[in-house]
Amino acid sequence: MEDRLPSSVRPKHYDIFFEPDLEAFSFKGREKIEIDVTNPISQIALNSAELDIISASVVSGNKELKAVVRMNEKSERVVFELPERVSGSVLLKIEFSGILNDKLIGFYRSKYSHNGKEKYLATTQFEAPHARRAFPCFDEPAMKATFGISMKIEKSLQAISNMPAAEEKTDGSKKTVRFYTTPKMPTYILYLGVGEFEFIEDNYRDVKIRVASVPGKGEQGRFAIGMAKMFLAYFEKFSGINYPLPKLDLIAIPDFAYGAMENWGAITFREIYMHFDLKKTSTQVKKRIAEIIAHELWHQWSGNLVTMDWWNDLWLNESFATYMAYKAVDDSFPEWNVWEDFVNDDTGGAFRADSLRTTHPIEVHVSNPNEIEEIFDKISYGKGGSVLRMIESYLGAETFRKGVSMYLSAHKYGNARAEDLWDNLAKASSVPIREVMKSWVNQEGYPIVHAEFKGALEMSQKRFVFGQDKKGSWIIPIVISTPDGERRELLDSGKKTINIGGDWAKLNSGQVGFYRVSYSKTNLEKLKALVKEKKLPVIDRWGIQNDSFNAALIGEGKLADYFGILKCHEGEDSYFVLDSIYSNLKHIEFIFHGSDGWDAAWKKFKDCMAVPFRRGFSRLGWDPRKNESQQDALLRPLCISYLAFSEDHMVIDEARRLFYKDFDSIPADLRGVVFSIVASSGSAKDFDEIVKKYREATNPEDKTKLLSSLGRFRDKGLLEKSLEFSFSSDVRTQDLRVAFPSIASNPVSRGTLLPWTVKNWARIEKHKDSAPIFMGILESLITSQIGKGAERELMKFVAEKKIDYEKTKDNSFEVLRRNTHSLETNRKELLDYFS
């Protein structure tokens, strides 16, 4: 049962006054909430957490009734009990106070340095249900209302909210800033910011766009403003609806748990995803900045203008924003090949998560705050976005656009459910899309389609999952490449046979479908020949090898077959394909490292794909070239990283020379790989030097990559020092999402990580309210281990500590079991192959 507030009591308008104190880390507030009460009641329930309610009363007609306050901390709910029943239009008046916490949720503080002084700003993160930590409210997405915000702050500071400031009044050393009233919106996209912000600004039509940063960093926001103007134009044209607010602020926050947050008209970002430096920002991060800005801007339409009715439809917000971001970036920068990023990162990540037995449907029931936090995952983002891409391919781009525009227009300033989107897509297309979508949105998992070519093409489907239960049936739009061209079919049953020309077929052409493919031996041999000759498009070469590798991991194929496919990639020159292959090889090393016989096999394994990487490095060398392609800018560090992985001492020595002799001149795209090589080949001296450079670094990308490199050491004692440093005051809480997973992904850490965690659990547990931080640590801890003994030890530890986040635990233990199974079933075959 969903833990929701009564629908008979609904807010219309909030008038809220805040007075934050950046020295005492506290705030005071008072609010008046205009409420519609459908049926007579004697109590009003709101959401509230970690707030002190000083007083409360209700004005009904000409009476003001004092309320008795009943707080339930566990349910995060406050009840105001009244001496008599009220109904109709009433006014709830509340005075309250709270803490500017350091948990990165609610109304919190963020630390930065300026001119050698430590300073703080105040900011908010209200999604998922955290507005209740700043003011008592109806903290549910369907409880939309308008907001009038005022803030009393020091005269030297600036205040930011969703709307422009309407007036400022000075009172001694302080000033009160009142903002214009917002449109109707949910609580989770309200924003409050107070600090010494430095602004740069521009205009898009009549919309003022500002980038707000801490002092000294403002000019690094120019790139972001340019991106925002491009993407606003694209989304307005796509949706047929103009951006609805008079201003747009892009705010860089030093301490931030997520990548960004779509607060309406006041979007917040991690500094690394907002600030761009032509000399210091890598190609990967530049692309990521653009994609994140586009993601958050689409939310201004899907999520803010039209909001999901309840969190079970979170994917309507996040899947849409994920997919539409790539469409916008691709429209502006087709040379960036961002659909390769989408397939590798978003579709690939969702493939891995959704192949678990413990996965969940895209539309998933949630009731409490922990469950809500847990669905901000690869299913809600990557799978949903991939399904939308598949549906757009099936319907056609213009039909899809019309359906989305109709959906947004029909529900603007209101709430919607998944069915509302399906209905509008159906109207635009005259296709019964609801049944197709139900098989993808309401059903967990995804299919693997087996293709048997015998003159005719025989296709069959079953669920792609580790374990015995392969049941499931999907309505699958299939795109097939043949020698005679491309063909589209709908696989709407367990099996289907079609007649096609030619002597081979490649299914999921363009990787537009959310399914994997396996082939009969004859057809696969034909495809391998086409891969070897590079006669298939890059994205299809990626698909064949990626499907084969992941099938082997769950027992649907053999690793020996995968290595047979890799032989066809010795002439490969695509960054996209080689990056996937390298990632797969590192995953194999992660699973088998330390197992019986691995040391002997490693000598051949590490060189098994060296040919294309050596060729790439020979062509590209260490130094970037003027006006080189993005492909080359990305391929260079990939080749260097692989050669270091395969213990090429010339590459390792040069990386170490650059680090110690030419640190400041290392090109932006090579800095991360150089840092990692120094650590993975390093000693205590190197550890100390990386820590020293981390403390000195001011560029957020450098700090992130130096911190990540601390997880690459091959000495267990140094890895333990890395853990200690990660939880020290030198490292921001937000960056535990970088530090801990980096250490956990290093197989050398297995004998160190679990004992250290058990010993230092109190240091980790204090972050449990910062859900993305805590869940990331928990997932990394469990998935770092392999073997049934480690599983039993972890299960006992998790039970003893009564750790919440059930979905995270279930998924993580499933990954542990799958890796253990891969080790047990593939070890002999792998050792024989590399003997």
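Preceding this paragraph is the structure being described.
Calculation rules
- Throughout this document, residue positions are counted from 1 along each chain, in the order its sequence is written.
- With the structure being a predicted model, the display of local features is reserved for residues of pLDDT at least 70 and the display and counting of side-chain atom pairs for 80 or more, all residues being used for whole-chain, interface and lining totals.
- Think of the side-chain values as coming from all heavy atoms in the structure, minus any hydrogens and water.
- All axes here are fitted lines through C-alpha atoms, helices being fitted over the stretch that makes contact, and every angle between N-to-C directions spans 0 to 180 degrees.
- Put simply, DSSP marks the helices as runs of H or I at least four residues long and the strands as runs of E at least two long, and each gets a number from the N terminus on.
- Orientation is classified from the angle alone, with under 35 degrees giving roughly parallel, over 145 giving roughly antiparallel, 65 to 115 giving roughly perpendicular, and any other angle giving oblique.
- Each crossing gets its handedness from the near helix: less than a right angle anticlockwise from the far helix is left-handed, clockwise is right-handed.
- Contacts are assigned to residue pairs that have any heavy atoms within 4.5 Å of one another.
- Asp, Glu, Lys and Arg are counted as charged, while Ala, Val, Leu, Ile, Met, Phe, Trp, Tyr, Cys and Pro are counted as nonpolar; the rest, among them Gly, fall into the polar class.
- Within 3.5 Å is the distance limit for a polar contact, defined as a pair of N or O atoms, with the added protein rule that one can donate a hydrogen and the other accept it, and that residues adjacent in sequence qualify only through two side-chain atoms.
- DSSP calls a pair of strands paired once it identifies at least 2 bridges connecting them.
- By definition here, a salt bridge exists when the distance from a side-chain nitrogen of Lys or Arg to a carboxyl oxygen of Asp or Glu is within 4 Å.
- The classification of residues rests on relative accessible area computed with a 1.4 Å probe and restricted to protein chains. Under 20% of the type maximum is buried, over 50% is exposed, and intermediate values are partly exposed.

Trainee: Is there a simple way to think about the packing of helix α26 (residues 788-801) against helix α27 (residues 806-833) in this case?
Mentor: Axis angle and axis distance: for two packed helices, these are the angle between their axes and the distance between the axes, and together they describe the pair. Packing of α26 against α27 leaves a shortest axis separation of 10 Å and a crossing angle of 170°. With respect to their mutual orientation, α26 and α27 come out roughly antiparallel. As α26 packs across α27, the resulting crossing turns out to be left-handed. Packed against α26, whose contacting residues are K788, E791, L794, M795 and V798, the element α27 presents K809, F813, L816, R817, T820 and E824 at the interface. When the residues that make up the contact of α26 with α27 are grouped by side-chain class, the tally is five nonpolar, one polar and five charged.

Trainee: Whenever I open this one, the side chain of D702 confuses me. Can you help?
Mentor: Along the chain, D702 turns up in helix α20 (residues 700-709). A polar contact is formed between the side chain of D702 and the side chain of R671, at a distance of 2.8 Å. Setting aside chain neighbours within four positions, we find D702 in contact with R671, F675 and A697.

Trainee: Looking at this structure, I do not really get the sheet that holds strand β18 (residues 266-270). What am I missing?
Mentor: As a general point, the strands of a sheet are linked pairwise by backbone hydrogen bonds and lie either parallel or antiparallel. Reading across the sheet, the five strands line up as β14-β15-β16-β18-β17 and stay open at both edges, with mixed pairing between neighbours. Each having just a single partner strand, β14 (198-204) and β17 (260-261) make up the two edges of the open sheet. Where β14 lies against strand β15 (residues 207-213), seven bridges are found, and the strand directions are antiparallel. The residue of β15 that forms the bridge with I200 is V211. The strands touched by helix α2 (residues 283-299) are β16 (247-253), β17 and β18; relative to β18, the strand with the most contacts, the crossing angle is about 150°.

Trainee: What exactly am I supposed to notice about the environment of S319 here?
Mentor: Positionally, S319 belongs in helix α3 (residues 314-332). For S319 and L82, which are 237 residues apart along the polypeptide, the C-alpha to C-alpha distance reads 43 Å. Among all residues touching S319, those that are not within four sequence positions of it are S380, Y381, G384, G385 and L388.

Trainee: When you look at the pattern of salt bridges in this model, what are you seeing that I'm missing?
Mentor: Between side chains of opposite charge, pairing is possible as soon as their charged atoms come close. As enumerated under the stated definition, the model contains 66 salt bridges in all. The partner of D702 in a salt bridge is R671, and the shortest N-O contact between them spans 2.8 Å. Here D702, found in helix α20, pairs with R671, found in helix α18 (residues 668-680); they are 31 residues apart in sequence, far enough to count as distant. Take D702: its relative accessible area is 11%, and that puts it in the buried class.

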